[in-house]
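Listed below are the residues making up each chain.
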Amino acid sequence: MRETIRHLPPLVLMALLATLMIASGCTKDDQGIVSEDREPSKSAAGGDDAVATVGQSTITRQQLLERLLASYGSQTLRSMMLAKAVSEEAAAAGIEVTDEELEQEIRSISQGYEDEAEFYRSMEEQLGMSREDVREDARYRLLLEKLTTYRVQVSPEEVERYLEEHWAEYQPLRKYRLSKIVVQTEELGRGLMEKLGQGDDFAELARTYSIDEFTSDQGGEAGWIESNDPFEAASVLEQASRMGIGDVAGPLPTDQGFAIIRLEGVSEEKIRSDEDIRLEARRQVALSKSVPAGEMERALLEKHRAVVLDRSLAP
């Protein structure tokens, strides 16, 4: 599967760090960064002006900066230095990330969300990353990938072998529109199947008997579910793959109990062209043959003489 080159956490402190004037010095560590025992410099923007009050107490800007720097300073500074080193190396090698490549990467990492807007909202809520942060992080990772792989040779045979081994990952995306009734016992499930066979209304039975809190009030409607949805029972997805529209099946064992499902619709969408699939396969083969991302980052910091001038911010 794909090797993910992970950038450091969201750059929430970049604006704050940019306000700090840093002194000089030199000693190498295993991060590829150089530092020296020096007194931290004073913040140009950090003063004694209050940023908050609690009762009779005041929190100053300088106190806030010191706490942020103590907690996240070295990590965020390294992230900023890496961004500079990768950018300089890419420029020297004539490597860039096109808008089309960035959009393809965003589409890839946002799969499983309802749409890109939902993906960005989730990143904001879960990681505190704005849309711009997400795209900046993706562009950085793509640049780093290109730097680790642009001298790696990949043969057509290797691409074909990779596609054979990972063919399931590149199949058209299939979705099922399902309605379901979930009950606690298999016996009750069989009884409801008999009722359905006698003409009872599926939606009414769902409202009356289903213990699934997400679908019972909607008459069992579960909406569109992807064929590889990790949150849906495998027994349900497997059964849906063999059903025709309008068919009813069950009771099927699930973590909640036993499910009766009705297939309302099927959708199949080819999410990538053959050319895109082969390019992605080549990318994965190249990544598997290249140096690890962390090793490349350390090498780039050394090559571009990354120096931490303030010992308090050294890794």
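The structure this text deals with has already been given above.
A brief look at the structure comes next. (Residues numbered from 1 in each chain as written. Predicted model: local features only at pLDDT ≥ 70, side-chain atom pairs only at ≥ 80, totals over all residues. Heavy atoms only, no water.)

### What to know about the packing of helix α5 (residues 131–149) against helix α10 (residues 274–289)
Basically, it comes down to this: Lines fitted to C-alpha atoms define the axes, with helix axes restricted to the stretch in contact, and inter-axis angles between N-to-C directions lie between 0 and 180 degrees. Only DSSP runs of H or I reaching four residues or more are called helices, and only runs of E reaching two or more are called strands; each is numbered from the N terminus. To sort the angles, those under 35 degrees are grouped as roughly parallel, those over 145 as roughly antiparallel, those from 65 to 115 as roughly perpendicular, and the leftovers as oblique. Put simply, a crossing is left-handed when the front helix is turned counterclockwise from the back one by less than a right angle, and right-handed when it is turned clockwise. In this analysis, two residues are considered to be in contact whenever any of their non-hydrogen atoms come within 4.5 Å of each other. Residue polarity follows a fixed list, in which Ala, Val, Leu, Ile, Met, Phe, Trp, Tyr, Cys and Pro are nonpolar, Asp, Glu, Lys and Arg are charged, and the others, Gly among them, are polar.
Running from amino to carboxyl end, α5 crosses α10 at an angle of 65°, the nearest separation of the two axes being 9 Å. The angle between the axes of α5 and α10 places the two elements in the roughly perpendicular class. In the packing of α5 onto α10, the handedness of the crossing is left-handed. In this structure, α5 contributes Leu142, Glu145, Thr148 and Thr149 to the contact, and α10 contributes Arg283, Ala286 and Leu287. Residues of the contact of α5 with α10, tallied by class, amount to three nonpolar, two polar and two charged.

### Some points on the nonpolar core
Let me state the cut-off plainly: Working definition of a nonpolar core: buried Ala, Val, Leu, Ile, Met, Phe, Trp, Tyr and Cys residues. They are joined through side-chain atoms within 4.5 Å. Relative accessibility under 20% of the residue-type maximum defines a buried residue, over 50% an exposed one, and the middle range a partly exposed one, all with a 1.4 Å probe and only protein chains included.
Membership of the largest hydrophobic core comes to 29 residues, with the highest contact counts inside it found for Val86, Val134, Leu144 and Leu300. Among the elements of the structure, α2 (61–93), α3 (99–109), α4 (116–127), α5 and α11 (293–303) are those that each provide at least two residues to this core. Sort the elements by how many residues they give to this core and α5 lands first, with seven residues. Those residues in contact with Val86 that sit more than four places away from it in its chain are Tyr140, Leu143, Leu144, Leu147 and Leu300.

### Considerations on the side chain of Thr148
Position of Thr148 among the secondary structure elements: in helix α5. A relative accessible area of 8% places Thr148 in the buried class. What Thr148 contacts, discounting residues up to four positions off in sequence, is Leu287, Ser290, Val291 and Met296.

### Structural notes on the pattern of salt bridges
Pairs may arise between side chains of opposite charge once their charged atoms sit close together. Keep this limit in mind: The salt bridge definition used is simple: a Lys or Arg side-chain nitrogen within 4 Å of an Asp or Glu carboxyl oxygen.
Counting across every chain of the model gives 18 salt bridges. For Arg135, the salt bridge goes to Glu103, with nearest N and O atoms at 2.5 Å. You can see Arg135 sitting in helix α5 and its partner Glu103 sitting in helix α3, a full 32 residues away along the chain. When its relative accessible area of 16% is taken as the criterion, Arg135 is described as buried. Residue class for Glu103 comes out partly exposed when judged on its relative accessible area of 26%. Linking Glu232 and Lys180 is a salt bridge whose minimum nitrogen-to-oxygen distance equals 3.0 Å. Here Lys180 lies in strand β3 (residues 173–183) and Glu232 lies in the loop between β4 (221–226) and α9 (234–240), a separation of 52 residues in the sequence. One exposure class covers both Glu232 and Lys180, and it is buried. Each member of the salt-bridge network shares a partner with another, and the members are Glu105, Asp137, Arg141, Glu145, Glu280 and Arg283.

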